[in-house]
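This is what each chain is made of:
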Amino acid sequence: MQIDLEKLKTGNIRSLSKFITLIESKKPEHQKNAQKLLNEILPLTGKAIRIGISGTPGVGKSTFIEALGLHLISKGLKVAVLAIDPSSPLSGGSLLGDKTRMEKLAQEKNAFIRPTPSSGNLGGVALKTREVMLACEAAGYDVILIETVGVGQSEYDVANIVDLFSVLLLPGGGDELQGIKKGIIELCDNIIINKADGDNKQKAHDTMVQYKSALGVIKTDQKIGANVLMSSALNNEGIKEYWSLIDKTYKENKEKITQKRKRQNQAWLNKLFHELIENKVKENPKLQEEWNQLNNNILNEVETPLSAAEKLINTLFER
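Quick caveat: nothing in here was measured; it's all calculated off a predicted structure.

The rules we used
- Residues numbered from 1 in each chain as written.
- Predicted model: local features only at pLDDT ≥ 70, side-chain atom pairs only at ≥ 80, totals over all residues.
- Heavy atoms only, no water.
- Phe/Tyr/Trp six-rings, centres within 6.5 Å; stacked < 30°, edge-to-face > 60°.
- Helix = DSSP H or I, 4+ residues; strand = E, 2+ residues; numbered from the N terminus.
- Buried < 20%, exposed > 50% of the residue type's maximum accessible area, 1.4 Å probe, protein only.
- Lys NZ or Arg CZ within 6 Å of the ring centre and 35° of its normal.
- Expected span 1.5 Å × (residues − 1).
- Axes fitted to C-alpha atoms, helices over the stretch in contact; angles between N-to-C directions.
- Parallel < 35°, antiparallel > 145°, perpendicular 65-115°, else oblique.
- Contact = heavy atoms within 4.5 Å.
- Nonpolar A, V, L, I, M, F, W, Y, C, P; charged D, E, K, R; others polar.

Undergrad: Help me get a handle on the packing of aromatic side chains, residues and values and all.
TA: Tallying each qualifying case throughout the model produces 2 aromatic pairs. Their ring planes at 75° and their centres at 5.2 Å tell us that Phe-64 and Tyr-242 sit as a pair that is edge-to-face. Taken together, the residues span a long stretch of sequence, with Phe-64 in helix H4 (residues 61-74) and Tyr-242 in helix H12 (residues 239-252) at a distance of 178 residues. One exposure class covers both Phe-64 and Tyr-242, and it is buried. Taking the centre distance of 6.1 Å and the plane angle of 45° together, the rings of Phe-112 and Tyr-141 count as tilted. Of this pair, Phe-112 sits in strand E3 (residues 111-117) while Tyr-141 sits in the loop between helix H7 (129-138) and strand E4 (143-147), and the two are 29 residues apart along the sequence. Residue Phe-112 shares its accessibility class with Tyr-141, and that shared class is buried. When the ring centre of Tyr-141 is taken as reference, the NZ or CZ atom of Lys-78 above it lies at 4.5 Å.

Undergrad: Lay out H4 with the relevant residues and their values.
TA: Between its first and last C-alpha atoms H4 spans 20 Å; for 14 residues at 1.5 Å apiece the expected length is 20 Å, and the two agree. The element H4 is largely enclosed, with a buried count of 11 among its 14 residues. Burial in H4 covers these residues: Lys-61, Ser-62, Phe-64, Ile-65, Glu-66, Ala-67, Leu-68, Gly-69, His-71, Leu-72 and Ile-73. Phi turns positive one or two residues past the end of H4, at Gly-76, with a value near 90°.

Undergrad: Any details on the packing of helix H14 (residues 285-299) against helix H15 (residues 305-316)? Residues and values, ideally.
TA: Contact geometry for H14 and H15: axes closest at 10 Å, N-to-C directions at 170°. Accordingly, the angle class assigned to the pair H14 and H15 is roughly antiparallel. The segment H14 lies against H15, with Lys-286, Leu-287, Glu-290, Trp-291, Leu-294 and Ile-298 engaging Pro-305, Ala-308, Lys-311, Leu-312, Thr-315 and Leu-316. A class-by-class count of the residues in the contact of H14 with H15 yields 8 nonpolar, 1 polar and 3 charged.

This is the structure:
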């Protein structure tokens, strides 16, 4: 698969799409070529604002992202949306198809929407999302919006690849506030109470006050912001205010964000190293045979797990 990097650098959609397909390919030769090209484009990356947006199903993430994307384009910015869809257990493809959920945004020439199947990744973040984000930056996109599958482990994963992380919640979150994990609130730079319209306005305001109190008692050096806002993406309310806050926070905390990205790259290395080790294990027939034998030894209580693990490591790294 030939990728024209010169066309990619000019923002050519076809070249970008082909590059992302190469990045997401599971073929070893494609993976090798993709990494070579990624190294070449690294000097062109890092200039975009990276924003993660998560939330419970039905909270209106896609409507919010579309309204935000249209607002950014009206300000002369190029926007890439990487929407991590649940994967089909049969085909492995995306189930939801964000281009059908963001019809207006998809028609804009300065918008790029890429639904990516999560491939069963429990974190809700596709395995290649980081690399795809770099490709979009090299193609000249100013803002990268990453929409995750839902609430849970996905917050931790997406927070580790973006500059600022926002969670959308529904009005009337009093009970939800009791059940939400402290760790999730620690990760949020912004909480948006969406669907704050009609009869929900007062309920949304009360929910906003509750979350502001919750954020006020949680201190962490990892957070760059601690804000709670209301919005009605359907009525395009609160979108301008959200972006103004993001823009202001980003400009005032560039050094913090630079350090945050460095920590993220270190964590990325650690994660990829362990993934590659796991792949080596799966690709080694001799190791798989020994694994089965040692597993039987453990089940029959003739060997300790530590002893078995050390033998597997010796087999994996033998020359």
